[in-house]
Amino acid sequence: MIQTDIVIIGAGPCGLFCVFEAGLLKLKCHLVDYLPVPGGQLAEIYPKKPIYDIPGHPEILAKDLVDNLLKQIEPFKPDFTLGERVETLEILPNGYFQLSTDHGTCLQAPVIMIAAGLGCFEPRKPEISNLIQYEKHGVDYIIRDPEKFRNKEVVISGGGDSALDWCLYLSNICSRLTLVHRRKEFRAAPESVSKMHDLVAQGKLQLFLNSEVAELHGDHHLSSVSIQSDDRKFSIACDYFLPLYGLSPKLGPIADWGLGIDKSAIVVDTKDYSTNIPGIFAIGDINTYDGKLKLILCGFHEATLAVQSAFKIIHKGQKPSFKYTTVTGINSL
Ligand code: FAD
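We now turn to the structure provided with this report. (Residues numbered from 1 in each chain as written. Predicted model: local features only at pLDDT ≥ 70, side-chain atom pairs only at ≥ 80, totals over all residues. Heavy atoms only, no water.)

1. What to know about the pattern of salt bridges
Here's step 1: Per the stated rule, a full pass over the model turns up 12 salt bridges.
Here's step 2: Salt-bridge contacts for R85 lead to E87; the nearest nitrogen and oxygen are separated by 3.0 Å.
Here's step 3: Overall, the relative accessible area of 26% leaves E87 in the partly exposed class.
Here's step 4: Between K292 and E302 there is a salt bridge, and its shortest N-O distance comes to 3.0 Å. With K292 in the loop between β23 (287-288) and α6 (296-314) and E302 in helix α6, the pair connects residues that are 10 residues apart, well separated along the chain.
Here's step 5: One salt-bridge network, in which partners are shared between bridges, spans R85, E87 and E122. (Salt bridge = Lys/Arg side-chain N within 4 Å of Asp/Glu carboxyl O. Buried < 20%, exposed > 50% of the residue type's maximum accessible area, 1.4 Å probe, protein only. Helix = DSSP H or I, 4+ residues; strand = E, 2+ residues; numbered from the N terminus.)

Put into structure tokens, the structure is as follows:
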């Protein structure tokens, strides 16, 4: 059982910055995210894009902003549970909240900060009749530990950044790597496409264009896939099939917790971004109120105000004293 002051659901930029603001008030945070890495949309959708509206940064790459946020919160030693989705919420007799994840991790805290952005990123799945049967038995949509594929025969399908980035990474790990793409053109960054063609020329990657993985075979665990290529169909041995067509966000289980919801967003009071359940706050893209803008800097502001009220809940009505960081500096937890 994990116990902390604040459980933050979502390790996107707003969840990460919330750790900083909570840390200034000496509150300890535990972040949970469904993705295997922190950063939310910045890590998942646009890591290499420059952002121009972060105060004090005329231009900053999304990935660099995430790295800076992680560095900024280091003194407050947040704990992370990554690759797990928060599923259930229970209010305990002592008023604390208990959350549990799809992996069975249990967390308890007097305050919950929902920084879940657009929701959980769910994989886009190809239409293959027996695909679900092989989930956890040879079919993965998110790569959490590349070592799993060492010396294995792996087939990746997709033509975007995720598919190509993983081809480049896994080419030195797998015993045989195959990329199947239903078109001739790729949506991925031109530099990655060119590196991928180099791998093909070096014999490190087998490439099938205008092709689709049509069938999966194997007793219990995947052992081969059938590829439909123009009017030809053939099978190749395969330990793992990785359909990497990107992820799309879904609000998921949070929608069933009794929170006020308006158009897939959580209704909050702009005084402190509290929800209709005392002790639960919602910050960043997940919340809605009059005049809401889905911008990172708005989420930073929301986190700052929300932790002030969180402090009062955790310290039973006591008010946090307001001090500038230029006066106090950063005192690690
Ligand atoms: P997110 O970044 O969405 O993070 C939420 C996290 O919560 C995710 O990692 C998700 O996996 C996790 N999560 C959700 N539900 C659960 C659950 N049940 N259990 C566990 N984890 C869960 N904003 C700007 O200010 N400036 C820009 O220039 C800008 N450019 C953008 C460009 C693009 C292409 C896009 C898509 C967005 C852009 N944005 C920009 C918007 C900005 O990315 C969002 O406002 C910001 O990411 C919101 O941060 P967040 O922390 O609220 O949520």
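Additional details are given in the paragraphs that follow.
2. Observations regarding the site of the ligand
Here's step 1: The ligand sits among 32 residues. The nearest are D33, Q41, Y46, D285 and I296.
Here's step 2: At a separation of 3.0 Å, an oxygen atom of the ligand approaches a polar backbone atom of C14.
Here's step 3: One of the backbone N or O atoms of Y34 is found 3.2 Å from a nitrogen atom in the ligand.
Here's step 4: Here the ligand, which alone exposes 1000 Å², has 87% of that area covered by the protein.
Here's step 5: Of all elements in the fold, only α1 (13-24), β3 (29-33), α2 (40-44) and β11 (120-123) reach the threshold of two or more residues within the shell around the ligand. (Near = heavy atom within 4 Å. Polar contact = N/O pair within 3.5 Å; in protein donor to acceptor, adjacent residues only side chain to side chain. Areas by Shrake-Rupley, 256 points an atom, 1.4 Å probe, with all protein chains shown as cover.)

3. Examining the environment of V213
Here's step 1: Relative to the helices and strands, V213 resides in strand β15 (residues 211-217).
Here's step 2: Here V213 falls in the buried class, since its relative accessible area comes to 9%.
Here's step 3: Residues V213 and R182, 31 residues apart in the sequence, show an inter-C-alpha distance of 8.9 Å.
Here's step 4: The contact partners of V213, leaving out residues within four places of it in the chain, are I128, V155, V180, V225, S226 and F241. (Contact = heavy atoms within 4.5 Å.)

4. Here's the deal with the pairing of strand β17 (residues 232-237)
Here's step 1: The pairing of strand β16 (residues 224-229) with β17 spans six bridges and is classified as antiparallel. Note on β17: the bridge partner recorded for S226 is S235.
Here's step 2: In sequence, β16 turns back onto β17 through a hairpin of two residues, with D230 there showing a positive phi of about 50°. (Pairing = 2+ DSSP bridges.)

5. Quick notes on the packing of aromatic side chains
Here's step 1: Enumeration over the complete set of coordinates arrives at eight aromatic pairs.
Here's step 2: Three or more aromatic residues joined by ring pairs form one cluster here, namely F17, F20, F76 and F300.
Here's step 3: Above the ring of Y34, the side-chain terminus of R85 is found at 6.0 Å from the ring centroid. (Phe/Tyr/Trp six-rings, centres within 6.5 Å; stacked < 30°, edge-to-face > 60°. Lys NZ or Arg CZ within 6 Å of the ring centre and 35° of its normal.)

6. Focus: the environment of C167
Here's step 1: Examined against the element boundaries, C167 turns out to sit in helix α4 (residues 161-170).
Here's step 2: Along the chain, C167 and L177 lie 10 residues apart, while their C-alpha atoms are 7.6 Å from each other.
Here's step 3: Residues within four places of C167 in sequence aside, it is in contact with I156, L177, L179, L199 and L205.

7. Considerations on the nonpolar core
Here's step 1: Formed by 61 residues in total, the largest nonpolar core has its most connected members in I6 and I114.
Here's step 2: Tallying contributions element by element places α6 first for this core, with eight residues.
Here's step 3: Contact partners of I114, with chain neighbours within four places excluded, come to I9, I254, W257, L259, I266, I280, F281, A282, I283 and I286.
Here's step 4: Judged by nonpolar contacts, the second largest core, of 21 residues, contains C167, F186, L205 and L244. (Core = buried A, V, L, I, M, F, W, Y, C linked by side-chain atoms within 4.5 Å.)

8. Here we look at the sheet that holds strand β7 (residues 86-91)
Here's step 1: One open sheet accounts for four strands, arranged β1-β9-β8-β7; its pairing is mixed. The sheet is open, and its two borders are formed by β1 (2-3) and β7, each paired with just one other strand.
Here's step 2: The pairing of β1 with strand β9 (residues 106-109) spans two bridges and is parallel. Counted as the bridge partner of Q3 is Q108 from β9.

9. Focus: a nonpolar patch on the surface
Here's step 1: Taken together, L293, L295 and L297 make up a surface patch of nonpolar side chains, about 230 Å² in accessible area.
Here's step 2: Relative to the elements of secondary structure, L297 occurs in helix α6.
Here's step 3: Relative accessible area serves as the criterion here: at 36%, L297 is assigned to the partly exposed category. (Patch = residues over 30% accessible without salt bridge, like charges linked within 9 Å, V, L, I, M, F, W, Y side chains within 5 Å.)

10. Regarding the side chain of E84
Here's step 1: For E84, the position within the fold is in the loop between β6 (79-82) and β7.
Here's step 2: Since its relative accessible area comes to 13%, E84 is described here as buried.
Here's step 3: There is a polar contact of 2.7 Å between the side chain of E84 and the side chain of T101.
Here's step 4: There is a polar contact of 2.6 Å between the side chain of E84 and the side chain of T105.
Here's step 5: For E84, the contacting residues outside a window of four places in its chain are V32, D33, Y34, T101, D102, H103 and T105.

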